[in-house]
Amino acid sequence: MFRRTPRIFAATLAVAALTLGACAEKTSDTPTPDAGGSSAAAFPVTVGSLTLQERPEKIVSLSPTATEMLFAIGAGPQVTAVDDQSNFPADAPKTDLSGYQPNAEAIAARNPDLVVLANDTNKIVDQLTALKIPVHLNPAAKTLDDSYRQITELGALTGNVDAAADVTKRMKDDIAKIVAEVPERAEKPTYFHELGPELYTATSKTFIGSLYTLAGLENIADAADADGSNGGYPQLSQEVIVDADPDFIFLADTKCCQQSPETVKARGGWSGITAVKNNQIVALDDDVASRWGPRVVDLLRAIVDATATATP
């Protein structure tokens, strides 16, 4: 979802995660149609306060995660425009529309019958609603259940109920298999998840942190945000990281900030960190590591594979 500097990345992700219930269009736990219903019987459909009378055929997605979800459930042919950060799948109809600074007039010019957003920036929901454009918010997930629910809701809203159910089932099954492979350890390996060279990170209370927990790892950043004042995204000092001596360092800033195992090894004072000494610095795909769609399975697999043979 996010392609910004590390500071803005962390702040944006934290704010997005808090918008569930703070925006005009609130979502319910489950959509109105029967989850096992057919697409033909799905309309009208209601999700939260949004009701669609007909299957949308001109969807504008201003969230890279929502774009991935829509294509995964088979709604790709209904998507006519996506934001400038939606780079997966490759054939998504990318435009210059912005999800960070959405412009109501530019969106309306696409004549959408459904707009999917991650944030209600500048009260864009009210602006689009005033133009009688249906809007669905797909905010940053806090848990895997949030991700499953959002896929289910998009399936209902787009008439792809059964396909959405298949996607969530595959995700759950794949994740269960991966977690079953996590070895039993007397002591959990520790890790540092780097959002950027400014050393912003994510705690176990965040979505990304929950995946590391499933992988059987311990987060060195949890103590830095024990009271939640940083929304789960504290900035650590170099001294704190060196003192914590993580067994693994995961880089989620390989694209945005050109960080790599080599650049980490070259940092002054980091040579004594266990992750550096043991070459346990893992370069992640920034995009996969910052979204909460179906590719979280790939992310969890990468984490588990990287740590499978670790000895704290």
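Our structure is the block above this text.
Presented here is a report on the structure given in the accompanying data block. (Residues numbered from 1 in each chain as written. Predicted model: local features only at pLDDT ≥ 70, side-chain atom pairs only at ≥ 80, totals over all residues. Heavy atoms only, no water.)

What follows concerns the pattern of salt bridges. Inspection of the entire model under this criterion finds 12 salt bridges. Between R55 and E57 there is a salt bridge, with the nearest N and O atoms lying 2.9 Å from each other. By relative accessible area, R55 is classed as partly exposed at 34%. On the accessibility criterion, E57 (40% relative accessible area) is partly exposed. We note a salt bridge from D285 to K255, for which the minimum N-O separation is 3.3 Å. (Salt bridge = Lys/Arg side-chain N within 4 Å of Asp/Glu carboxyl O. Buried < 20%, exposed > 50% of the residue type's maximum accessible area, 1.4 Å probe, protein only.)

For helix α12 (residues 296-307), built from 12 residues, the straight-helix expectation of 16 Å at 1.5 Å per residue is met to within 8% by its first-to-last C-alpha distance of 17 Å. Looking at the buried side of α12, the elements it contacts are α5 (144-158), α6 (161-180), α7 (207-214), β9 (248-251) and α11 (286-289). (Helix = DSSP H or I, 4+ residues; strand = E, 2+ residues; numbered from the N terminus. Expected span 1.5 Å × (residues − 1). Contact = heavy atoms within 4.5 Å.)

Here we take up the sheet that holds strand β3 (residues 59-61). Across the sheet, four strands lie side by side as β4-β3-β5-β6; this open sheet has parallel pairing. Only two strands of the sheet have a single neighbouring strand rather than two, namely β4 (79-82) and β6 (135-137). In this sheet, adjacent strand axes meet at a mean angle of 20° when their direction is disregarded. Judged from the three bridges that link them, β3 and β4 form a sheet pairing that is parallel. Considered in β4, the bridge of S61 is made with V82. Running at roughly 165° to β6, α5 makes contact with β3, β5 (114-117) and β6 of the sheet. (Pairing = 2+ DSSP bridges. Axes fitted to C-alpha atoms, helices over the stretch in contact; angles between N-to-C directions.)

Now for unusual backbone geometry. Across the junction of F88 and P89, the peptide omega takes the value 0°, indicating a cis bond. Structurally, the position occupied by P89 is in the loop between β4 and α3 (104-108). Even without glycine at this site, D245 takes up a positive phi of about 50°. By secondary structure assignment, the location of D245 is in the loop between α8 (238-244) and β9. Taking the relative accessible area as the measure of exposure, D245 reaches 29% and is therefore partly exposed. Backbone geometry places N279, a non-glycine residue, at a positive phi of 55°. Inspection of the secondary structure assignment puts N279 in the loop between α10 (274-277) and β10 (281-283).

Quick look at the packing of helix α2 (residues 64-72) against α5 now. Between α2 and α5, whose axes approach to 10 Å, the crossing angle comes to 60°. Taken together, the axes of α2 and α5 are oblique relative to one another. In this structure, α2 crosses over α5, and the sense of that crossing is right-handed. On α5, the residues touching A66, M69 and L70 of α2 are S147, Q150, I151, L154 and T158. (Parallel < 35°, antiparallel > 145°, perpendicular 65-115°, else oblique. Left-handed = near helix turned anticlockwise from the far one by under 90°.)

On to the sheet that holds strand β8 (residues 218-219). Taken in spatial order, the four strands line up as β8-β7-β9-β10 in an open sheet, and their pairing is parallel. Each of the sheet's edge strands pairs with one partner strand only, and the pair in question is β8 and β10. Alignment of strand β7 (residues 190-194) against β8, held across two bridges, turns out to be parallel. Residue pairing in the sheet places Y191 in a bridge with N219 of β8.

Attention now goes to the environment of R295. One can find R295 in the loop between α11 and α12. Exposure remark for R295: the relative accessible area of 16% places this residue in the buried category. For the pair R295 and E68, spaced 227 residues apart in sequence, the C-alpha separation works out to 8.4 Å. With residues up to four places along the chain from it excluded, the contact list for R295 reads E68, F88, D287 and V288.

Turning to the packing of α6 against α12, a few remarks are in order. Pairs of packed helices are described in terms of their axes, by the angle between the two and the distance that separates them. The geometry of α6 relative to α12 is characterised by a closest axis approach of 10 Å and an angle of 5° between their N-to-C directions. Classified by the angle between their axes, α6 and α12 sit roughly parallel to one another. Touching M171, D174, I175, I178 and V179 of α6 are V296, V297, L300, R301 and V304, all from α12.

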